[in-house]
Amino acid sequence: MSVNRKIQIAPSLLAANFGNLEKDIQMLNESEADFIHLDIMDGVFVPNISFGFPVLEFVNKLSKKSLDAHLMIVDPGKFVNEVKAIGAEIMTVHYEACPHLDRTIHQIKEAGMKAGVSLNPHTPVHLLEEVINDIDLLLIMSVNPGFGNQKFIPYSLDKVRQLKELIVRKGAKTVIEVDGGVNLEIGKLLVDAGADILVAGSFVFKSADPKQTISALKNL
Ligand code: DX5
Ligand code: ZN
């Protein structure tokens, strides 16, 4: 099945050159990317630490693209104001990190951002049955979060199909984003399964021509 809509692309800054972020953000500004995906890690929820708010303030100043913040941290509800202050359009929290997910979703919306919820690979889609209509974006992790440049987990494709089915059945407006191990071949399968936004880190930044790679993904 081929889909007659343009996929949105969110290159992950985690794979950029941190020694010259300004150059890579400039490249993204000139590209067909729709968002810049920001992977915020705390070394507790995931076994890695990436960057924090002082760095992201600078990213916000340079970026002409919407910011898509993916919080891989415990208790993300504590940081709604900080995420808003770095100019994020979307704040995505992990289902597994939020014992009071309904409250956290509403806090994010009240702060004027789109509320995203992410599922780790092992977390089933059916757990969203009750909250799906309140979620603006659902991020399916197709690798175990914490690191870039990992291999796509094949069963994630079926989770995208299940999620699409849930969204249609519930009449929800939730968009589906997929994150981890995305390349052109996998991207095509994900688009056909119902994905709306693809995150791509190493596939974009390690390619010979990142701008052209973003265009290729955009035209899947
Ligand atoms: C993983 C992050 C991803 C990662 C994707 O914890 O959430 O956004 O940067 O990187 P690639 O595309 O290289 O798998
Ligand atoms: Zn991410």
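Residues numbered from 1 in each chain as written. Chains lettered and ligands numbered in written order. Predicted model: local features only at pLDDT ≥ 70, side-chain atom pairs only at ≥ 80, totals over all residues. Heavy atoms only, no water.

(A) Geometry of the sheet that holds strand S5 (residues 114-119). Across the sheet, eight strands lie side by side as S1-S8-S7-S6-S5-S4-S3-S2; this open sheet has parallel pairing. Both outer strands of the open sheet, strand S1 (8-11) and strand S2 (35-41), are each paired with one neighbouring strand and no more. Here the strands of the sheet are splayed against their neighbours by 25° on average, with no regard to which way each runs. Bridge analysis of strand S7 (residues 175-179) against strand S8 (residues 197-200) gives three bridges, and the strand direction is parallel. Paired with Val178 across the two strands is Leu198, which belongs to S8. (Pairing = 2+ DSSP bridges. Helix = DSSP H or I, 4+ residues; strand = E, 2+ residues; numbered from the N terminus. Axes fitted to C-alpha atoms, helices over the stretch in contact; angles between N-to-C directions.)

(B) Fine view of the environment of Lys188. Within the secondary structure, Lys188 is located in helix H6 (residues 184-193). For Lys188, a relative accessible area of 34% gives the class partly exposed. Placed 18 residues apart in sequence, Lys188 and Lys206 show a C-alpha to C-alpha distance of 20 Å. (Buried < 20%, exposed > 50% of the residue type's maximum accessible area, 1.4 Å probe, protein only.)

(C) Quick look at the coordination of the zinc ion (ligand 2). At 2.0 to 2.3 Å from the zinc ion (ligand 2) lie its protein donor atoms, namely His37 (NE2), Asp39 (OD), His70 (ND1) and Asp179 (OD). Considering all six donor atoms around the zinc ion (ligand 2), angles at the metal cover 70 to 167° and the coordination shape is octahedral. Linear spacing of the donor residues for the zinc ion (ligand 2) on their chain is H-x1-D-x30-H-x108-D. This pair shows no difference in class: His37 is buried, exactly as Asp39 is. (Donors = N, O, S within 2.8 Å, 3.2 Å for Na, K, Ca; no water. Tetrahedral: all angles 85-135°; square planar, octahedral: opposite > 155°, others 65-115°.)

(D) Geometry of unusual backbone geometry. Backbone geometry at Asp75 places phi at a positive 55°, although glycine is not the residue there. Tracing the sequence through the fold places Asp75 in the loop between strand S3 (66-72) and helix H3 (80-85). For Asp75, a relative accessible area of 42% translates into the label partly exposed. Phi angles above zero are rare outside glycine, and Asn149 is one such case at about 60°. For Asn149, the location among the structural elements is in the loop between strand S6 (137-141) and helix H5 (156-170).

(E) Structural detail: the pattern of salt bridges. Going through the model one piece at a time under the given rule, you end up with eight salt bridges. As a salt-bridge pair, Glu30 and Lys211 come within 2.9 Å of each other at their nearest N and O atoms. Here Glu30 is found in helix H1 (residues 21-30), whereas its partner Lys211 is found in helix H8 (residues 210-218), with 181 residues between them in sequence. According to the relative accessible area criterion, Glu30 is partly exposed, its value standing at 49%. A relative accessible area of 32% means that Lys211 is categorised as partly exposed. Between Glu129 and Arg169 there is a salt bridge, and its shortest N-O distance comes to 3.0 Å. Here Glu129 is found in the loop between S5 and S6, whereas its partner Arg169 is found in helix H5, with 40 residues between them in sequence. Salt bridges here are not isolated pairs; linked through shared partners, they connect Glu129, Glu165, Arg169 and Lys170. (Salt bridge = Lys/Arg side-chain N within 4 Å of Asp/Glu carboxyl O.)

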